[in-house]
Amino acid sequence: MGKGRENNLPTHYVQIDDKLCNGCVLCMKACPTKAIRVRNGKARIRGVCIDCGECIRACPRGAVKAITTVQDAARMKPYTILSSSPVLYTQFGEEVTPNDILLALRKVFRHVYDQAYVNELFNVATEFYIRERRETEEEGWPLISPICPVVNRLIAYRFPQLFKNILPLIPPREIAAREVRRRLYCESVFKTEEFGIYHLSPCSAKMISIKEPLFLNSSYLDGALGINEVYEEIKKFIGKDNSNIMIHRSGGVGIWWGMSGGEIAGLDSGKYLAVSGMPETIKYLEMIEMGLLGNIEYVEFRACSEGCIGGPMTAVDKYEAKHVLQKLVRTYGVRKKVDYSQARKAYREGWFLADRKTDIPPHRSGTLSISEAIQRQERVEEVYRLLPKKECGICGSPDCRTFAEDVVDGEADLDDCPIHKSRDRKVKIVHEG
Amino acid sequence: MPQLTKTFPIKARDFIRAGEVSIQIQGLLKTIGFEPALIRRVSICAYESEMNVVMHGGDGTLTLNVDPSVILIEVKDDGPGIENIELAFQEGYSTASKEYREMGFGAGMGLPNIKKSADTVEIRSQKGGGTYLKMCFLLSRGDGQGTGK
Ligand code: SF4
Ligand code: SF4
């Protein structure tokens, strides 16, 4: 990070409410990119935030929130079309079917569609892609799933050389939105400015993936809503629609995507791994970077522990959701319901590959030359040696090492460390006495 | 000329923390902002030599030396030493015990990998007398450093 920190900061859609924040250190300690500082008694996001939501989970006072479209409801278009993460199907207990949920959702928002089915199409496309690549490439394995926006951002800022390993297919939520959008244009049911396509998800990072996509020039979605934000409203309408319309079309596999391991469960045989949770994700990315997993073909990373059912904007506990999900998979079968010939045709036509940006983000986040950066690092080591290494966070930085960096960068004062300060005095007194 | 030196202890047979030193080095080089290709070469060597100590060595240390033109890594251990250095540099040659091979280590790629990735390698070892390994990485070697990239 270093100096360039201020001007290179990416935007983020996580916000701290000053009125609720009491300046404890819990969010700062939880942040995997060390983006938070406590200054003047309030937490502040000052570094590279990847919208993972760890701080949302960590705050006992509910002071950290993700910005979504719903907080800005006035700006939602009059005709809404909603696609939902399959995680929604796990939130209402084991008796309620995905179709019941989609029907209830339709009462709240006007139009809905089943994204789980598109997940299965995406699985087929991934199989095609891996098969083709096996024949031509020996290097550049493993491929990395492009689904989790937090993982994509983590790679862009901390593992830029792995950016090229990300599977170059457009994620299902975007493909689905693009198809709906095209159909609406062609059939011109609404005026284009009247409709909006939104994604209902457990994810604090969908908003940034829509507003500032890494792979697409622009997103096909208009916004995102958190499942927990509309949960109660949907619940009111469960079982209130007795029509026989079937909106849900996927098999068990498309739903399985809601938890870790679900995406690769939809792939045919190959060497795949599913890794979930922030610490494990970082560890495995480090291993890939060192060339240690070259024998694996595809890694499904999910930043949230247990996968998207563990997302920060869910309404029920992730283990409860897992229980429901496992039951759904048993009911709908460990298989995909997609039409293979349709999927193959779509793949050949470039359905999954189109519109993808190819430029790789810059790898240097700072503006220092190598010489200056080494010098800075030397000074960081010097300051670090003076610190008590209690990792308490009272100074307002997440740990002693980051505090040392902040001191060197002029963003903190050595005296902000109370232990160092008192120790320093003692030395002086002994000296003078 | 700015220079940064850091020494990390490595414990023999500590498989839980094996690889930690290399990960720390990788992080440090990233913070400084070296080219990814260079970082990759250095971390592969750091990892292989760290694992060599964990598997075969007694306790040891890894010292990292960074300066704007060269990165230097020295690894010392007080283990049993290498009997035949020429053989050790051959791909597939391994003295790892069955137990280690079952854990997925000791495929005999350690030193050959190091030879491929480092610009110069110096190794001194005696049976029973520990091992000293020194690896140099030049910053001008086609890693895009200094090319204004
Ligand atoms: S969302 Fe994640 S990266 Fe951003 S400040 Fe919170 S914990 Fe840190
Ligand atoms: S695991 Fe799922 S919910 Fe969590 S950040 Fe990634 S995509 Fe979002």
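Above this text sits the structure in question.
Predicted, not measured: the structure shown is a model, and the values here were computed from it.

Peer 1: Report on the packing of aromatic side chains, specifying residues and quantitative values.
Peer 2: Residues and elements named next belong to chain A. Per the stated rule, a full pass over the model turns up 6 aromatic pairs over all chains. Consider the rings of F163 and F215, whose centres lie 5.7 Å apart with planes at 40°: the pair is tilted. Note that F163 is positioned in the loop between α6 (149–158) and α7 (172–187) and F215 in the loop between α8 (206–211) and β9 (223–226), a separation of 52 residues in sequence. Accessibility classification places F163 together with F215 in one group, the buried group. Here the aromatic rings of W351 and F352 are separated by 5.4 Å at their centres, their planes lie at 65°, and the arrangement is edge-to-face. Residue classification places W351 among the buried residues on the basis of a relative accessible area of 19%. Given a relative accessible area of 1%, F352 falls into the buried group. Taking the ring centre of F128 as reference, the NZ or CZ of R348 above it sits at 5.8 Å. Taking NZ or CZ as reference, R401 lies 4.3 Å from the ring centre of Y384, over its face.

Peer 1: So what about the site of ligand 1? Which residues, and what values?
Peer 2: The local shell around ligand 1 holds 13 residues, among which C31, C49, I50, C52 and C55 of chain A are the closest. Tallied by class, residues from the shell around ligand 1 come to 9 nonpolar, 2 polar and 2 charged.

Peer 1: Before we move on, can you summarise the interface of chain B and chain A with the specific residues and values?
Peer 2: Opposite the 23 residues of chain B that make contact, chain A presents 21 residues. Between chain B and chain A, the buried area comes to about 2,100 Å², and carbon and sulfur atoms account for 63% of it. For the chain B face of the interface with chain A, the top three residues by lost area are P2, K30 and I32 of chain B, together amounting to 23%. Across the chain B-chain A interface, the total number found is 2 salt bridges.

Peer 1: Help me get a handle on a positive patch on the surface, residues and values and all.
Peer 2: Residues and elements named next belong to chain A. Residues R385, K389, K390 and R423 make up a contiguous surface patch of positive charge. For K390, the position within the fold is in the loop between α15 (370–386) and α16 (400–408). Taking relative accessible area as the criterion, K390 reaches 58% and is therefore assigned exposed.

Rules used throughout
- Residues numbered from 1 in each chain as written.
- Chains lettered and ligands numbered in written order.
- Predicted model: local features only at pLDDT ≥ 70, side-chain atom pairs only at ≥ 80, totals over all residues.
- Heavy atoms only, no water.
- Phe/Tyr/Trp six-rings, centres within 6.5 Å; stacked < 30°, edge-to-face > 60°.
- Helix = DSSP H or I, 4+ residues; strand = E, 2+ residues; numbered from the N terminus.
- Buried < 20%, exposed > 50% of the residue type's maximum accessible area, 1.4 Å probe, protein only.
- Lys NZ or Arg CZ within 6 Å of the ring centre and 35° of its normal.
- Near = heavy atom within 4 Å.
- Nonpolar A, V, L, I, M, F, W, Y, C, P; charged D, E, K, R; others polar.
- Contact = heavy atoms within 4.5 Å.
- Buried area = accessible area lost by both parts, 1.4 Å probe.
- Salt bridge = Lys/Arg side-chain N within 4 Å of Asp/Glu carboxyl O.
- Patch = residues over 30% accessible without salt bridge, like charges linked within 9 Å, V, L, I, M, F, W, Y side chains within 5 Å.
- Areas by Shrake-Rupley, 256 points an atom, 1.4 Å probe, with all protein chains shown as cover.
- Lys, Arg positive; Asp, Glu negative; His and termini not counted.
- Charge placed at Lys NZ, Arg CZ, Asp CG, Glu CD.

Treat this as a map of the structure, not an account of what it does.
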